[in-house]
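Single-letter residue listing:
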Amino acid sequence: MSIEKDDIMLEKIKNASKKKKIIAVVLILIAIIAIVFLIFRVKKELDKPVLSLIPPKPIESTSREEFVVNAQLSALPHNLYPAASISVSFDNTKLEFTGVKMGTMMTYGDKRANGYSFDVPQWSCNTEVSNLKGEINAMYLDTTAGKYAYCSEGFDSDKKNIVLRLGFKLKDSAIAGDSYNLTFKDGVFAVVDGDESKESLAMKLGTLRTNNCRIVVK
């Protein structure tokens, strides 16, 4: 009888050991799947175009000269973007917004015999209202819905990647050692059917990432 009991016990131990091995294998597989999924999500996030505010070098507190902050795009997918807009907040008690200036990114221009020409467009913005609100709302709109749209042919990640430039001056209230945030509230590069196709680049859609910046006073 004791021998039979020992055999039964050994069988139970073997079965328990097999179950533990199966559970361990399953847990390892789940961990691998989770890691792969995480890597995929991180890569997908990193692949999204990034719109960044590029600050100037630290500015002397006594300077009242205009300085420029570039809004720079990292990539532009192969689509037509006939409308674009940005909204950037700033401290209007310390900074004076002087207006938007042309960047280097290009849109389609007039059609020619050998193809299209390309133009750097001028964005529209109400400078006075921006200074009153402490928020810059600028936009570009191609009223033809595509003829003069932003396009991948007018973009280059090294030479044609500045969407527009934002001009500022320090106010008398600026103090050495301060730093003032410039923060994206919104950013959009819209395709014609963007709401349906989800191909627009937009902060709210999660298809466009943004980097803010600080103006440093020395």
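These remarks concern the structure in this document. (Residues numbered from 1 in each chain as written. Predicted model: local features only at pLDDT ≥ 70, side-chain atom pairs only at ≥ 80, totals over all residues. Heavy atoms only, no water.)

Right, let's talk about the pairing of strand S10 (residues 179-190) for a bit. Looking along a regular strand, one sees the side chains alternate between the two faces of the sheet. Inspection of the sheet shows strand S3 (residues 83-89) paired to S10 by 7 bridges, in the antiparallel sense. Bridging from a neighbouring strand, Ser 87 pairs with Asp 186 of S10. In this structure, S10 lies alongside strand S13 (residues 213-216), joined through 4 bridges in antiparallel fashion. By the bridge assignment, Ser 179 is partnered in S13 with Val 216. Relative to strand S11 (residues 201-202), S10 is paired through 2 bridges, and the arrangement is antiparallel. By the bridge assignment for S11, Val 188 is matched with Ala 202. (Pairing = 2+ DSSP bridges. Helix = DSSP H or I, 4+ residues; strand = E, 2+ residues; numbered from the N terminus.)

Before going further, it helps to spend a moment on the pairing of strand S2 (residues 67-73). Burial within S2 is extensive, with 5 of its 7 residues counted as buried. Where strand S1 (residues 50-54) meets S2, 4 bridges bridge the pair, whose relative direction is antiparallel. If you follow Ser 52 over to S2, its bridge partner there is Gln 72. (Buried < 20%, exposed > 50% of the residue type's maximum accessible area, 1.4 Å probe, protein only.)

Quick look at the packing of aromatic side chains now. Here the structure, examined in full by the defined rule, presents 7 aromatic pairs. For the ring pair Phe 97 and Phe 168, a centre distance of 5.6 Å and an interplane angle of 55° mean the geometry is tilted. Of this pair, Phe 97 sits in strand S4 (residues 95-102) while Phe 168 sits in strand S9 (residues 162-170); the two residues are 71 residues apart in sequence, bridging distant segments of the chain. In this structure, Phe 97 and Phe 168 share a single accessibility class: buried. A network of ring pairs unites the aromatic residues Phe 67, Phe 90, Phe 97 and Phe 168 as a single cluster. (Phe/Tyr/Trp six-rings, centres within 6.5 Å; stacked < 30°, edge-to-face > 60°.)

It is worth spelling out the environment of Asn 79 at this point. Mapped onto the elements, Asn 79 comes out in the loop between S2 and S3. Taking relative accessible area as the criterion, Asn 79 reaches 23% and is therefore assigned partly exposed. For the pair Asn 79 and Val 192, spaced 113 residues apart in sequence, the C-alpha separation works out to 9.8 Å. Residues contacting Asn 79, with those up to four places away along its chain left out, are Tyr 150, Cys 151, Ser 152, Val 191 and Glu 199. (Contact = heavy atoms within 4.5 Å.)

Right, let's get into the side chain of Thr 104. With respect to the helices and strands, the residue Thr 104 is situated in the loop between S4 and strand S5 (107-112). Looking at Thr 104, its side chain comes within polar contact range of the main-chain oxygen of Lys 159, at 3.4 Å. Only 3.3 Å separates the side chain of Thr 104 from the backbone nitrogen of Asn 161, close enough to count as a polar contact. In this structure, Thr 104 is in contact with Val 120, Lys 159, Lys 160, Asn 161, Ile 162 and Arg 165, ignoring residues within four places of it in sequence. (Polar contact = N/O pair within 3.5 Å; in protein donor to acceptor, adjacent residues only side chain to side chain.)

To continue, consider the sheet that holds strand S12 (residues 209-211). Pairing is mixed across the open sheet formed by 5 strands, whose spatial order is S4-S9-S2-S1-S12. Of all strands in the sheet, those bounded by a partner on one side alone are S4 and S12. Each strand axis lies, on average, 20° off the axis of its neighbour in the sheet, ignoring direction. (Axes fitted to C-alpha atoms, helices over the stretch in contact; angles between N-to-C directions.)

A contiguous nonpolar surface patch, about 290 Å² in accessible area, is contributed by Ile 28, Leu 29 and Ile 32. Inspection of the secondary structure puts Leu 29 in helix H1 (residues 2-46). Taking relative accessible area as the criterion, Leu 29 reaches 48% and is therefore assigned partly exposed. (Patch = residues over 30% accessible without salt bridge, like charges linked within 9 Å, V, L, I, M, F, W, Y side chains within 5 Å. Areas by Shrake-Rupley, 256 points an atom, 1.4 Å probe, with all protein chains shown as cover. Salt bridge = Lys/Arg side-chain N within 4 Å of Asp/Glu carboxyl O.)

With respect to the helices and strands, the residue Val 100 is situated in strand S4. With 65 residues separating them in the primary sequence, Val 100 and Arg 165 have C-alpha atoms 5.7 Å apart. Apart from the residues lying within four places of it in its own chain, the contact partners of Val 100 are Gln 122, Trp 123, Cys 125, Ala 138, Leu 164, Arg 165 and Leu 166.

What follows concerns the nonpolar core. Of all hydrophobic cores here, the largest spans 39 residues; its most connected members are Trp 123, Leu 166, Phe 168, Leu 182 and Phe 189. Counting only elements with at least two residues in this core, the list comes to S1, S2, S3, S4, strand S8 (135-141), S9, S10 and S13. Per element, the largest residue contribution to this core is 5 residues, and it comes from S9. Residues within four places of Leu 182 in sequence aside, it is in contact with Leu 53, Val 69, Val 88, Ser 89, Phe 90, Leu 95, Phe 168, Asn 212, Cys 213 and Ile 215. (Core = buried A, V, L, I, M, F, W, Y, C linked by side-chain atoms within 4.5 Å.)

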